[in-house]
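Descriptive structure summary
In case you want the letters, here they are:
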Amino acid sequence: LLLSSQIYPIYLPKETRTRRALLICNIEFEHWSYRKGATADVEGMTKLLEGLGYMVDIHFNLTSQGMAAVMMDFAGHKDHCTSDSTFLVFMSHGVRAGLCGVKTSDGTTDILSLDTIYETFNNKNCPVLLGKPKVLIIQSCRGGKVGSVLISDSKDPAVFTHAAADSIAAGLEDDAVIEVHVESDFATLHSSTPDTVSWRHPEKGSVFLQHLIEQFRNHACNSDLQEIFRKVQYSFRKFPRQLPSQERSTMLRKFYLFPGH
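The protein has the name CASP1 protein in an unreviewed UniProt entry, where Pedionomus torquatus is given as its organism.

Things to note about the packing of helix 2 (residues 64-75) against helix 3 (residues 114-121)
Orientation of helix 2 relative to helix 3, taken along the N-to-C sense of each, is 20 degrees, at an axis distance of 9 Å. With respect to each other, helix 2 and helix 3 are oriented roughly parallel. Remark: the crossing between helix 2 and helix 3 carries right-handed chirality. In contact with M71, M72, F74 and A75 of helix 2, helix 3 contributes T116, I117, T120 and F121. Here the contact of helix 2 with helix 3 is built from residues that sort into six nonpolar, two polar and no charged.

Comments concerning the sheet that holds strand 7 (residues 134-139)
Ordered by their spatial adjacency, six strands build an open sheet running 2-1-3-7-8-11, and the pairing between neighbours is mixed. Each edge of the sheet is formed by a strand with only one pairing partner; in this case those strands are strand 2 (54-60) and strand 11 (245-247). Within the sheet, the average angular offset between the axes of one strand and its neighbour, ignoring direction, is 15 degrees. Direction of pairing for strand 1 (residues 19-25) relative to strand 3 (residues 86-91): parallel, over a ladder of six bridges. When the bridges of strand 3 are listed, R20 appears paired with T86. In this fold helix 1 (residues 38-51) packs onto strand 1, strand 2, strand 3 and strand 7, with an angle of close to 160 degrees to the strand it touches most, strand 2.

A look at the sheet that holds strand 5 (residues 98-100)
As summarised here, the arrangement of the three strands in space is 4-5-6, forming an open sheet in which the pairing is antiparallel. A single partner strand is all that each edge strand has here, and the edge strands are strand 4 (94-95) and strand 6 (111-113). This element, helix 2, spans strand 5 and strand 6 of the sheet and lies at about 40 degrees to strand 6.

Regarding the side chain of E183
The residue E183 is located in the loop between strand 7 and strand 8 (186-190) in this model. Within the local environment of E183, its side chain forms a polar contact with the side chain of R248, the two groups lying 2.9 Å apart. If sequence neighbours within four positions are ignored, E183 has contacts with Y118, N122, N123, R248 and T250.

Overview of the nonpolar core
With 35 residues, the main nonpolar core has M45, F87, I137, L212, F216, L225 and F255 as its most contacted residues. Mapped by element, the contributors of at least two residues to this core are strand 1, helix 1, strand 2, strand 3, strand 7, strand 8, helix 4 (207-219) and helix 5 (225-234). Here this core takes six residues from helix 4, the largest share from any one element. If you look at the next biggest cluster of nonpolar residues, it comprises 21 residues, including L62, F74, A75 and L136.

Brief notes about the pattern of salt bridges
Using the criterion set out here, one finds 12 salt bridges in the structure. Here E183 makes a salt bridge to R248, at a shortest N to O gap of 2.9 Å. You can see E183 sitting in the loop between strand 7 and strand 8 and its partner R248 sitting in the segment after strand 11, a full 65 residues away along the chain. A salt bridge links E227 to R230, with the nearest nitrogen and oxygen atoms 2.7 Å apart. Placement of both E227 and R230 in helix 5 is noted, with a separation of three residues, approximately one turn of the helix. On the basis of relative accessible area, E227 is assigned to the partly exposed category, the value being 26%. Classification of R230 as partly exposed rests on a relative accessible area of 40%. Three or more residues are tied together by salt bridges with common partners; here these are R17, R19 and D84.

Quick notes on the rules
- Residues numbered from 1 in each chain as written.
- Predicted model: local features only at pLDDT ≥ 70, side-chain atom pairs only at ≥ 80, totals over all residues.
- Heavy atoms only, no water.
- Axes fitted to C-alpha atoms, helices over the stretch in contact; angles between N-to-C directions.
- Helix = DSSP H or I, 4+ residues; strand = E, 2+ residues; numbered from the N terminus.
- Parallel < 35°, antiparallel > 145°, perpendicular 65-115°, else oblique.
- Left-handed = near helix turned anticlockwise from the far one by under 90°.
- Contact = heavy atoms within 4.5 Å.
- Nonpolar A, V, L, I, M, F, W, Y, C, P; charged D, E, K, R; others polar.
- Pairing = 2+ DSSP bridges.
- Polar contact = N/O pair within 3.5 Å; in protein donor to acceptor, adjacent residues only side chain to side chain.
- Core = buried A, V, L, I, M, F, W, Y, C linked by side-chain atoms within 4.5 Å.
- Buried < 20%, exposed > 50% of the residue type's maximum accessible area, 1.4 Å probe, protein only.
- Salt bridge = Lys/Arg side-chain N within 4 Å of Asp/Glu carboxyl O.

Below is the structure:
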């Protein structure tokens, strides 16, 4: 049995809880191609998040500065005081360094770095979300490489050796002032691994978000967030061109969405 202390709490009843989500989608770019199918992604994610009890703030076609300003506003929203979590969803063209703003031309200017997202919502700059899950979902390419490779079966299975676990340093004392990690309680799922492309259907939307929405619909009722993420990753086993990637996760507990509660 899981101890309740290992699960993120839902403090307030549904009637007084004010869950809020941010969705930024760049579709039309000054120099790069129109992202066909992206409106289907926005519709699908909005419907999913609203069904999970989040009011969704939606913004379209922003520069990197515009995205940063919208995030700052959202991080300061009073509704987070009476919320237990947030979702931050980004859809855009992307490069290894981050997400493309609508004025990007060469993939080096008008880029929103992922560090900026984490810094905006970390415990120092967004204390109102301290201790609350911050779920980051990013649909973008992260480079130009195709994610699959042709491999042959080897006759020698890989041999893993487990290093002995480090012993925990004893004899530490705590001070009266409570310290917290500057960055905690983030869970991030990228649509692909670093340097690789993400695939999108011109009508149905991105493959990643189609899979993600399906897994949340099927499993939010009985699985914690990171288990749902794993199910999304597993669902790509027959689509080797792309593999969603969990990164920079700092979740300290299990996050159950408890839909309907």
